[in-house]
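Okay, here's what each chain looks like letter by letter:
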Protein chains: 2
Amino acid sequence: MSIDVSDIPALARGCAVLGTGGGGDVRTGSLAAARAIREYGEVPLVRLADLADDALIMPLSGIGAPTVSHEMIHSEDEPKRIAEEVERLFGRPPSAVMSSEIGGSNGVAPVAWAAQLGLPLLDADGMGRAFPEVQMVSMYVAGLPADLVIMTDVAGNVVTIRPVDGLWSERLARAVCVAAGSSALMADYVLPAARARGAVIEGTVTRALEIGRATEGASPTGAQAAGRSPADPLGALRDRLGAARLITGKLTDVERRTMGGFVRGTATIEGTGHDRGRTLTLELQNENLVAVENGRVLAMVPDLITVVDTETAGAIQTEGLRYGQRVTVLAWPCDPLWRTSKGLETAGPRAFGYELDYVPVEELTAHG
Amino acid sequence: MSIDVSDIPALARGCAVLGTGGGGDVRTGSLAAARAIREYGEVPLVRLADLADDALIMPLSGIGAPTVSHEMIHSEDEPKRIAEEVERLFGRPPSAVMSSEIGGSNGVAPVAWAAQLGLPLLDADGMGRAFPEVQMVSMYVAGLPADLVIMTDVAGNVVTIRPVDGLWSERLARAVCVAAGSSALMADYVLPAARARGAVIEGTVTRALEIGRATEGASPTGAQAAGRSPADPLGALRDRLGAARLITGKLTDVERRTMGGFVRGTATIEGTGHDRGRTLTLELQNENLVAVENGRVLAMVPDLITVVDTETAGAIQTEGLRYGQRVTVLAWPCDPLWRTSKGLETAGPRAFGYELDYVPVEELTAHG
C-alpha cells in the first residue's frame, strides 16, 4: 500500500493519540507530508519482511532541545544530507525511511522525508509511542549498539557521532542540537533489515492510520469535530486501542512549568456522569506519565496514557490542556519490549524519577 | 632530525614563550611527551617539503571548554581512535601529526601523540602561537574549507563534524567538548601535504626548540633558574625572537576574573632600573592581547606579547602572574598570515572586542 495526501489527516490523528500528550504538534508534520506527497508522489509503505536482509533502514526524527520531538519543518536538504552521509559511511544508499518515534509530529514527518528522498516508509518505528530522550528506542532496548548518530541542521552542518553507548548518544546529540539552534534532523541506529527484526516495533504506521480512521472527523488536536464522524468515536477509539477508560470528566486544574522547553506538571480531571465524585491526577513530563486516583496508581509509563476530547476522541496534547475541557483519559498497554527489564530500566517510571515499581495497566485497571 | 626525551624541556620552554601567557600548562604535555618517547622511541621531525603531495597531515590539539588548549593528559586510545576515523574517511592512514597550536601545552603534547601512533611530527603548526578558538588557525585564514573536525574523548566517543564554515566548527566542537566533560582530543583540517603548502606555518617546532635552547636552565614556568644557563638568557631570547622589550620592572597589580575557565583581566608592570617611572598595562584574555602605556598601545594581538622572568627568561603564563615578580615584557611580530585582512578579521584586536585598528608591533615600538 501507499500513503497518499488523503491519508495524512488520519495518520496525524493516530500519531497524536500515540503521542500520549507529547511528541510535538502533528499539524506541522502533516503540512510537510502533504506538500511533499503533492510534489513527489505517494509514499510506498513497506513491511520489514519485504526488505532484503542487507537493505539499509534509516530511522529519522526531528530532535529539539531538550526533547526528541520537534515540530519544525525541515528543509528538503536535510534528509538528503543525511542520506548522503549514510551512503558515504555504509557504501550504499538507504533503502527505506523509518520513523524513530511514531507518537506526535515525528510519526507524520517521515512521510515527507521519504517522499523527498524517493524512498518507501517502513511500517515500524522505534518507540510505538513518544519518548523524550534519544536512547529511549526499541533498538537500544533490544541491545543493538548505539554506534552511530548522524545529525544535520538548517545551516547545513552534518555531525556524525559514534557514541560508546545510548546514554552518550543522547548527551552528545542533545549538545549538538542546542548548538545548532535547538533543532536538527537526526538518523540513529541506521541498520540493515536483518538486524532490525525484533529490534523495531512493527506495524505502527498502519496502527496509527487505523487509530486515526476510528476517529474520523476529529481535529488532530481534539479541538472540534468536523465533517462526518462515527456515531461513537470514543468507543471506536477504545476498541481500536484496547484501552481502559480511566475517567470521563472535566479538566479542573492544570499546573505546568516549562523549563527550557521541557514541560512538567499535573492535570486534574473531576469525573462527571458515571464518574461523578472521582478525581484523577495526571503527572506530566511532556508526555502523560502516571495517572493517580486517591493515591492509587491506575496507569504508568511505559504504558500509554492519552487525554482525548470526550466528544470527538481527538487527542489533546499536554500544551493544549485547558480548564473546563470535557475529556476522557484512556490507558493501554505498551509494546512488550518496554516491559522487559532493559525496557523498564530505559523508560519505566524510575527512569523519569518516580519511585514506583512498574505494574501493567491491565492489572491496575482490572478491578477498577 | 628527531625529537628525543632530552629535547622536551627546551621544546616546552619554547612553547611556553609562544603561548603568550595562554595555551595551557606546558608541564603536563611535557610529561606525556617524555613518557611516550621512552615507550615508543624518538619522534622524527619532518618538513612539509619532505612529504608526498597526497600524504595526509593530521593536525591535533587538546580542546577544553572554553578554550582550545587543554593540558589534560589524553589516553593513548584517543589519538588512535582519531587516526582510525581518518583512515575510515580518507581511505588511507595519516602520514604525519601536526600541532594545531604551537603555543603552550598543545605544542608539546603532539610529540606524545606522534610517538604513540608511530608517526613523524610535522615541523609546522596552525597558529605560530596560541589562540583560544577553533577557527583561529592558519588553514582557516588561508581559505581552506573547514569541512571536517574529528573529536574523541576519554569515554571513547568519536564525533565527526562537517561544518559549513569555521565559525560553525568552533560552535559545534565546543558544544561536543562541553558535553564530553570539557576535554577532548580534536583533529581539524586533516589535509594532504599538497594543500598544506602556504596554509600552515612552517618551522615552528624547530623555532620553539631554538627559543627553548636560548633560555637553557629556565624552568618552563619561569619560576627559577636551574642548572647551567647562558650568561644573558633574556638577551639570547630577545635575539632569537627578534623581540622588542616593552618594559622591565615589577608586577604591581594583577586583576583576573575566571569566567567558566576563560581568564580575563589586566596586569600592571611598574618599570625599574632604566624603566623607572614607566607603567605598562597588559590586557589579558587567556593570552596577553594588548600592551598599553599611558593610553598608548605598544603591541596588540595577533602580534605576540609574552611576560618572562627577567633573570631566567622563562615565560610566565597568565595564571602564574604574581605580585612582586621581576619581569620583562617582550613583543614581536606574528606570522605574516595573521596580518592579512582575513587574518586580522579572524584574530585581530576587534575579534577580541578591542576597538583598535591593528598596527604592527615594529611600527608601534620603532620610536618607543
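What you see is a predicted model; the values in this text were computed from it and never measured. (Residues numbered from 1 in each chain as written. Chains lettered and ligands numbered in written order. Predicted model: local features only at pLDDT ≥ 70, side-chain atom pairs only at ≥ 80, totals over all residues. Heavy atoms only, no water.)

## Notes on the environment of A:Met151
Phase 1: Structurally, A:Met151 can be placed in strand β6 (residues 149–152).
Phase 2: Residues A:Met151 and A:Gly203 lie 52 residues apart in sequence; the distance between their C-alpha atoms is 26 Å. (Helix = DSSP H or I, 4+ residues; strand = E, 2+ residues; numbered from the N terminus.)

## Examining the sheet that holds strand β11 (residues 244–259) of chain B
All names here are of chain B.
Phase 1: Read from one edge to the other, the open sheet built from seven strands follows the order β15-β14-β13-β12-β11-β17-β16, with strand pairing classed as antiparallel. If you trace the sheet from one side to the other, it starts and ends with β15 (296–300) and β16 (304–309), each paired once. If you compare each strand with its neighbour and ignore which way they point, the axes differ by 35 degrees on average.
Phase 2: As judged from the six bridges shared by β11 and strand β17 (residues 326–332), these two strands associate in the antiparallel manner. Its bridge partner being in β17, threonine 248 is matched across the sheet by threonine 328.
Phase 3: The strands touched by helix α9 (residues 233–241) are β11, β16 and β17; relative to β17, the strand with the most contacts, the crossing angle is about 15 degrees. (Pairing = 2+ DSSP bridges. Axes fitted to C-alpha atoms, helices over the stretch in contact; angles between N-to-C directions. Contact = heavy atoms within 4.5 Å.)

## Things to note about the domain arrangement of chain A
All names here are of chain A.
Phase 1: Each domain of chain A was delimited in the assignment, giving domain 1 (2–204) and domain 2 (232–364).
Phase 2: Taking only C-alpha atoms, the centre of domain 1 and the centre of domain 2 are 25 Å apart.
Phase 3: Each side of the interface is counted separately: domain 1 has 30 residues, and domain 2 has 29 residues.
Phase 4: Each partner contributes to the roughly 2,200 Å² buried at the junction of domain 1 and domain 2, and carbon and sulfur atoms together form 66% of this total.
Phase 5: Counting across the domain 1 and domain 2 interface gives 10 residue pairs in polar contact (both at pLDDT 80 or more).
Phase 6: For the side of domain 1 that touches domain 2, the per-class residue count stands at 15 nonpolar, 13 polar and two charged. (Domains from an automatic or database assignment. Buried area = accessible area lost by both parts, 1.4 Å probe. Polar contact = N/O pair within 3.5 Å; in protein donor to acceptor, adjacent residues only side chain to side chain. Nonpolar A, V, L, I, M, F, W, Y, C, P; charged D, E, K, R; others polar.)

## Digging into the relation of the copies chain A and chain B
Applying a rotation about an axis and a shift along it to one chain copy brings it onto the other copy.
Phase 1: Of the transformation placing chain A onto chain B, the axial shift is 0.1 Å and the rotation is 180 degrees, giving an RMSD of 0.0 Å. What the superposition gives is, in effect, a two-fold axis relating one chain to the other. For chain A, the minimum C-alpha distance to the rotation axis belongs to A:Thr160 and amounts to 2.4 Å.
Phase 2: Mapped onto chain B, 100% of the interface residues of chain A again fall at the interface, so both copies present the same surface. (Least-squares fit on C-alpha atoms with pLDDT ≥ 70 in both.)

## Remarks on the interface of chain A and chain B
It is common to give the size of an interface as the accessible area lost on bringing the parts into contact.
Phase 1: Taken together, the contact pairs 22 residues of chain A with 22 residues of chain B.
Phase 2: In total, chain A and chain B occlude about 1,800 Å² of area from one another, counting both sides; carbon and sulfur atoms represent 57% of this.
Phase 3: Its largest share of buried area at the contact with chain B, chain A owes to A:Asn157, A:Arg162 and A:Ala179, together 32% of the area lost on that side.
Phase 4: At the junction of chain A and chain B, the tally comes to two salt bridges.
Phase 5: For A:Arg162, the salt bridge identified is with B:Glu85, shortest N-O distance 3.1 Å. (Salt bridge = Lys/Arg side-chain N within 4 Å of Asp/Glu carboxyl O.)

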